[in-house]
Amino acid sequence: MAKQYDVLFRLLLLGDSGVGKTCLLCRLTDNEFLSPHISTIGVDFKMKTIEVNGIKVRIQIWDTAGQERYQTITKQYYRRAQGIFLVYDITSSLSFQHIMKWISDVDEYAPHIVQKILVGNKHDEEHRRQVTTEQGNKLAKSYGMDFLETSAFTNYNINKAFIRMTELVLEANKEELDSALPSNNDDLGATETEQEHEYSTCSC
Ligand SMILES: Nc1nc2c(ncn2[C@@H]2O[C@H](COP(=O)(O)OP(=O)(O)OP(=O)(O)O)[C@@H](O)[C@H]2O)c(=O)[nH]1
C-alpha cells in the first residue's frame, strides 16, 4: 500500500488531571469538545496527519492520565516521545505550580532531544483566570520553551500548537531527515504495517 505520509512523530500530552488534555486532543483530531470530565486511564492515543514545510507528518499523540496513580505507566511512554506538551489550566494556579514537577519528570525520563511546549488551556474561562499570560510566558522562557494559551472549547490555538510542535520536532531532527528525504522516504517513520503495530502496543 502506498504510504500516506513521509514521517511519523510521537507526541505526548502531560499535565494535572482535569487541565483538558483529552479535550485538546479530541478538538484536534475530531473537532469535538467533551464536556464531562472522564479521567483518562493510563494512556490513550489518536493519530493525525498534517503537512508542514511540504512534509507530510503523521503524528501519534499520546494522551496520558494526569492522576498520580497512573504515573508509573505513563512514564514508560516518555522515552519514545519526540515532543511533549506540558499543559496547565489557566483557572488553576495549582496546575501551573505543578508544571515544574512535570518538567523534572520529563528531564528524568524523556530523551534529551525532546521538544517541549508549555500550554495554558481554558483560555475561554477568562473570568475564572488564576494564572496570567505573563506568568506563563515567564515560566516558558525560563525553560527555553514556546508558550501558547489554548481553548479546547473555542478551538483557540489548537492547530497552531500542534503545527508549532511539528516544526520544532522537524527542526530538531533535521540532519536525520535531510539524509532520508526525499530520496528514500521508506526509511522514515513507520510503514503501514508498523503503524498497525503501534496501535496494538498502546492499549494499556
Ligand atoms: N471551559 C473549558 N473547559 C475545558 C477546556 N478543556 C477541557 N475542559 C473541561 O475540563 C474538564 C477536564 O477535561 P479533560 O480533557 O478530561 O482533562 P484531562 O487533562 O484529560 O484529565 P485526565 O484525563 O484526568 O488527566 C472537562 O470537564 C472539560 O470539558 C477548555 O478549553 N475550556
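Residues numbered from 1 in each chain as written. Predicted model: local features only at pLDDT ≥ 70, side-chain atom pairs only at ≥ 80, totals over all residues.

Asks: Teacher, can you tell me more about the overall build of the chain here?
Replies: Scanning the chain for helices and strands turns up eight helices and six strands. Along its sequence from the N terminus, the chain presents helices and strands in the succession β-α-β-β-α-β-α-α-β-α-β-α-α-α. Within the span of the chain, comprising 204 residues, buried residues form 39% of the whole. Summarising the internal contacts of the chain: among those between residues at least 6 apart in sequence, 73% fall at separations of at least 24. (Helix = DSSP H or I, 4+ residues; strand = E, 2+ residues; numbered from the N terminus. Buried ≥ 20, exposed ≤ 12 C-beta atoms within 10 Å, placed from the backbone. Contact = placed C-beta atoms within 7 Å.)

Asks: Honestly, the site of the ligand in this entry has me stumped. Any pointers?
Replies: Neighbouring residues of the ligand: 24 residues in total, closest Ser 17, Gly 20, Thr 22, Thr 40 and Gly 66. The leading source of residues in the shell around the ligand is helix 1 (residues 21–30), at three residues. (Near = placed C-beta within 6 Å.)

Asks: How should the pairing of strand 1 (residues 7–14) be read in this particular structure?
Replies: Burial analysis of strand 1 places eight of its eight residues in the buried class, the great majority of the element. Judged by which residues are buried, strand 1 turns out to be covered on both faces: Val 7, Phe 9, Leu 11 and Leu 13 on one side and Leu 8, Arg 10, Leu 12 and Leu 14 on the other are all buried. Sheet topology places strand 1 next to strand 4 (residues 83–89); four bridges connect them, and they run parallel. For Leu 14, the partnering residue across the bridge sits in strand 4 and is Leu 86. (Pairing = 2+ DSSP bridges.)

Asks: Just to check I follow, could you spell out the sheet that holds strand 3 (residues 55–64) for this structure?
Replies: Sheet strands line up and pair through hydrogen bonds in the backbone, either parallel or antiparallel. With respect to topology, six strands assemble into an open sheet ordered 2-3-1-4-5-6, the strand pairing being mixed. Strands at the two margins of the open sheet, each flanked by one partner only, are strand 2 (43–52) and strand 6 (146–149). If you compare each strand with its neighbour and ignore which way they point, the axes differ by 25° on average. Most of the contacts of helix 4 (residues 99–109) go to strand 4, to which it runs at about 165°, and overall it touches strand 1, strand 4 and strand 5 (115–121). (Axes fitted to C-alpha atoms, helices over the stretch in contact; angles between N-to-C directions.)

Asks: Quick question: what am I supposed to make of the pairing of strand 6 here?
Replies: Within a regular beta strand, the side chains point alternately toward one face of the sheet and then the other, so they alternate between its two faces. Pairing geometry for strand 5 and strand 6, over four bridges, is parallel. The residue bridging Gly 120 from the neighbouring strand is Glu 149, located in strand 6. Read from strand 5 through helix 5 (residues 133–142) to strand 6, the crossover connection turns out right-handed. (Right-handed = clockwise from strand over helix to strand, strands pointing away.)

It is worth stressing that arrangement in space is one thing and function is another; only the former is reported here.
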